[in-house]
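Take a look at the letters that make up each chain.
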Amino acid sequence: MADYLISPVASRNERFAMVAGGSTQRDTQLTKLATLSGCTAIMMDDERHADYLLVDLCSETERLTDTLSRITHYLQRYRSTALIWSTMESLEEVYAALPHGQCHFLVNADDVAAVPILAGAYGRGSMDRLHDKDRDVEFGSLHRISDELAEFARTLARMAEPDREDKVSDSPVSFRPAPMEGFQGFPLSTPKTSARAGPLNLRELIKLRRLRDRFFPPDLFADPAWDILLDLKAAAQEGQQVSVSSLCIAAAVPPTTALRWITAMTDSGMLMRRQDPADARRVFIELSPETSAKLDGYFVAAAARSAPII
């Protein structure tokens, strides 16, 4: 990581953003981003605390393992929040190596998507709640935050690049409101096997859900949590393991948005991380037994009503 930067004199209540862009040009861009977000940009210093760590790993290849080790050590020491720019190609290694619950991953994403995070729309308190196993994860808040991030990012993009027409952004899309009553208890018994939806039926269902995108804007039906659950259930019935990058694709939303949901659902106990025994640089995501049982319960209830699973 490059050790550049320019730091104005900090005022008493400023938030500090430590920048590691990998090049002078990228450092300058991230510095402007931090300043726009109300933060004071400072040079990379392992002995100094910062509220945020801005790291661009998109061009990091030869020293990626060392860089990830350095970031991990810093985050474990200071409990800072990291914003990590990554490519899909390096996502598996990056996601597996960094501390769970302390990172926002921006995959092939526009910088404007980071502004609301740095400005506090999805701040330290929210990250702590997601990381706290004794609390219910606030999915309603995650829906609301996603909407706010999307609108803020779109507004900034229009202001910054009014003439841009063709470039596709990785800004989070809008979601339907989530139930606010929290989680219900998981069932203690497992539904009858004969009533479960088979893997072929689930795969066909997933294809039908994607078919809607040919006729309507994809973000109209964006429902990443359900798409994640269906894909993992089908994979479990097929005896397949699902990598993080594969699950991002299955979520049918931009990777940055999908990763935010995977993190929230994992911290809630709905999903579980499994280290790949053959490759420490990769983790697999799977349903918890309780979540799998709840899906079986839903399939049984839908079949009893002769209702289609959607």
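Residues numbered from 1 in each chain as written. Predicted model: local features only at pLDDT ≥ 70, side-chain atom pairs only at ≥ 80, totals over all residues. Heavy atoms only, no water.

A.B. asks: Please provide a residue-by-residue account of the packing of aromatic side chains, values included.
C.D. replies: In this description, a pair of aromatic rings is defined by centroid distance and the angle of the planes. This structure, assessed with the given rule, holds five aromatic pairs. Plain terms: the ring middles of Tyr95 and Phe105 are 5.4 Å apart, the flat faces sit at 45 degrees to each other, and that makes the pair tilted. In this pair, Tyr95 is assigned in helix α3 (residues 88-97) and Phe105 in strand β5 (residues 103-107), connecting sequence segments ten residues apart. Note on Phe105: relative accessible area 7%, which makes it buried. (Phe/Tyr/Trp six-rings, centres within 6.5 Å; stacked < 30°, edge-to-face > 60°. Helix = DSSP H or I, 4+ residues; strand = E, 2+ residues; numbered from the N terminus. Buried < 20%, exposed > 50% of the residue type's maximum accessible area, 1.4 Å probe, protein only.)

A.B. asks: Quick rundown of the pattern of salt bridges? Include the residues and the values.
C.D. replies: Within the structure shown, the criterion is met by 15 salt bridges. Put simply, Arg210 and Asp213 hold a salt bridge, and the shortest N to O gap is 3.4 Å. Since its relative accessible area comes to 25%, Arg210 is described here as partly exposed. Taking relative accessible area as the criterion, Asp213 reaches 26% and is therefore assigned partly exposed. Close ionic contact of Asp296 with Lys233 constitutes a salt bridge, the shortest N to O distance being 3.0 Å. In this pair, Asp296 is assigned in helix α11 (residues 289-304) and Lys233 in helix α8 (residues 224-238), connecting sequence segments 63 residues apart. Bridged by salt links that share partners, the residues Arg209, Arg210, Asp213, Asp223 and Asp227 form one connected network. (Salt bridge = Lys/Arg side-chain N within 4 Å of Asp/Glu carboxyl O.)

A.B. asks: Describe in detail the sheet that holds strand β7 (residues 271-275), supporting the description with residues and values.
C.D. replies: The strand order across the open sheet built from three strands is β6-β8-β7, with neighbouring strands paired in antiparallel fashion. With partners counted over all chains shown, the strands left at the sheet margins are β6 (242-243) and β7, one partner each. Strand direction decides the pairing type here: β6 and strand β8 (residues 283-287), joined by two bridges, are antiparallel. When the bridges of β8 are listed, Ser243 appears paired with Phe284. Sheet contacts for α3: β6, β7 and β8; angle to β8, the most-contacted strand, approximately 75 degrees. (Pairing = 2+ DSSP bridges. Contact = heavy atoms within 4.5 Å. Axes fitted to C-alpha atoms, helices over the stretch in contact; angles between N-to-C directions.)

A.B. asks: Could you give an account of the sheet that holds strand β2 (residues 39-42), with specific residues and numbers?
C.D. replies: In spatial order, the strands read β2-β1-β3-β4-β5; together these five strands make up an open sheet with parallel pairing. Each having just a single partner strand, β2 and β5 make up the two edges of the open sheet. If you compare each strand with its neighbour and ignore which way they point, the axes differ by 20 degrees on average. Sheet topology note: the strand β3 (residues 52-56)/strand β4 (residues 81-86) ladder contains five bridges and is parallel. Residue pairing in the sheet places Asp56 in a bridge with Trp85 of β4. Strand contacts of helix α1 (residues 24-36): β1 (15-20), β2, β3 and β4, with the helix running at about 165 degrees to β1, the strand carrying the most contacts.

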